[in-house]
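Okay, here's what each chain looks like letter by letter:
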Amino acid sequence: MTPAILGKKVGMTRVYDEQGKVVPVTVVAAGPCVITQIKTAAGKDGYNAVQLGFESAKAKHSTQPLMGHTAKAGSAPLRHFREIRLDEPTTLELGAEVKVDSFGEVKLVDVVGVSKGKGFAGVMKRYNFGGQPASHGTERKHRSRGSICSRASNRGHTGRPKKGLKMAGHMGDDKVTSRNHALVKIDTDNNLLLIKGALPGPNGGLLFIRKAVQVRKALANRVGAA
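Residues numbered from 1 in each chain as written. Predicted model: local features only at pLDDT ≥ 70, side-chain atom pairs only at ≥ 80, totals over all residues. Heavy atoms only, no water.

J.: Which residues make up the sheet that holds strand 1 (residues 4-16), and what values do they have?
T.: Consider a sheet: its strands pair through backbone hydrogen bonds, and that pairing is either parallel or antiparallel. Strand order in the closed barrel made by the 6 strands is 1-2-11-10-7-12, with antiparallel pairing throughout. Strand-to-strand twist of the sheet, defined as the mean angle between neighbouring strand axes without regard to direction, takes the value 50 degrees. Here strand 2 (residues 22-30) runs beside strand 11 (residues 192-196); their pairing, made up of 5 bridges, is antiparallel. Within strand 11, the residue paired with Val-27 across the bridge is Leu-194. (Pairing = 2+ DSSP bridges. Helix = DSSP H or I, 4+ residues; strand = E, 2+ residues; numbered from the N terminus. Axes fitted to C-alpha atoms, helices over the stretch in contact; angles between N-to-C directions.)

J.: Give a detailed account of unusual backbone geometry, specifying residues and quantitative values.
T.: Backbone geometry at Asn-128 places phi at a positive 60 degrees, although glycine is not the residue there. Residue classification places Asn-128 among the exposed residues on the basis of a relative accessible area of 67%. Positive phi values are uncommon outside glycine, yet Arg-140 reaches one of about 60 degrees. With relative accessibility at 71%, the residue Arg-140 sits in the exposed group. (Buried < 20%, exposed > 50% of the residue type's maximum accessible area, 1.4 Å probe, protein only.)

J.: Break down the nonpolar core for me, with residues and values.
T.: Core analysis: the largest hydrophobic core is formed by 26 residues, its most contacted members being Ile-5, Val-28, Val-109, Leu-193, Ile-195 and Ile-209. Listing elements by their share of this core, those giving two or more residues are strand 1, strand 2, strand 3 (33-39), strand 4 (48-56), strand 5 (78-86), strand 7 (108-114), strand 11 and strand 12 (206-211). Apart from residues lying up to four places away in sequence, Leu-193 is in contact with Ile-5, Thr-26, Val-27, Val-28, Ala-30, Val-100, Leu-183, Lys-185, Ile-186 and Ile-209. Val-15, Val-25, Val-27 and Leu-194 belong to the second-largest nonpolar core, a separate cluster that totals 5 residues. (Core = buried A, V, L, I, M, F, W, Y, C linked by side-chain atoms within 4.5 Å. Contact = heavy atoms within 4.5 Å.)

J.: Which residues make up the pairing of strand 11, and what are the values?
T.: Successive side chains on a regular strand alternate, one facing one side of the sheet and the next facing the other. Here strand 10 (residues 175-187) runs beside strand 11; their pairing, made up of 4 bridges, is antiparallel. Within strand 11, the position partnered with Ile-186 by the bridge is Leu-193. Between the antiparallel neighbours strand 10 and strand 11 lie 4 residues, among them Asn-191 with a positive phi of about 55 degrees.

J.: Go over the sheet that holds strand 5, please, and point to the residues and values.
T.: The strand order 5-4-3-6 describes an open sheet built from 4 strands, whose pairing is antiparallel. If you trace the sheet from one side to the other, it starts and ends with strand 5 and strand 6 (97-98), each paired once. Pairing analysis gives 8 bridges linking strand 4 to strand 5, with the strands arranged antiparallel. Residue pairing for strand 5: Ala-49 is matched across the bridge by Arg-85. Here helix 1 (residues 64-71) sits on the sheet and contacts strand 3, strand 4 and strand 5; the angle it forms with strand 5, its principal contact strand, is near 60 degrees.

J.: So what's going on with the environment of Arg-126? Residues and values would help.
T.: With respect to the helices and strands, Arg-126 occurs in helix 2 (residues 123-127). Among the residues examined, Arg-126 registers a relative accessible area of 27% and is labelled partly exposed. Each C-alpha atom of the pair Arg-126 and Ala-168 lies 7.2 Å from the other, and the pair is 42 residues apart in sequence. Excluding anything up to four places from it in sequence, Arg-126 contacts Ala-121, Met-167, Ala-168, Gly-169, His-170 and Met-171. For Arg-126, the side chain forms a polar contact with the main-chain oxygen of Met-167, separated by 2.8 Å. (Polar contact = N/O pair within 3.5 Å; in protein donor to acceptor, adjacent residues only side chain to side chain.)

Functional significance is not addressed by these values, which are geometric in nature.
Given below as structure tokens:
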């Protein structure tokens, strides 16, 4: 199975490499996860996949369908689930545990999380717009984005704002995939992963860690990955 696991962001710290250099790392409390469902191409689902369940939950905070689903795997109610598609059927069985030791040979990882919500923000903060001129002629509009329908006279365009136009709005709280982070250390005793760099989301936020999918050649050579 492709090395993948669910975990929670603990916070950032620093470690020292073999040359004595400081390496900033994010500590992730990863797993253990339970395989709560197995799908195969030969079955009714039509594709190979496994579903991971993470973090125990009280029965009153779960639902009857979810508790019945996890009970088939011999597990207590779980809070988070994530499906992983596979090229080949998995050799693991229903109810098996996935721990951090599955990342023993992995050098680079991708991390998926939800970024911090920043509330309502204007275009200068949200998209790094330059704003309006600060000289004569601009009155109480210095941080405005300007016109939103300037192409109304062009053939084939209407006077309404175009889809995807960059405007003020909700900033953050988006699904973010941060790619090609070096996996610095694995603590199997405490179920911890030490991943180089900053990861999306706040401390305590849910993260999905998997083996890097698109490994850049120069970065792979730097960390010694295959």
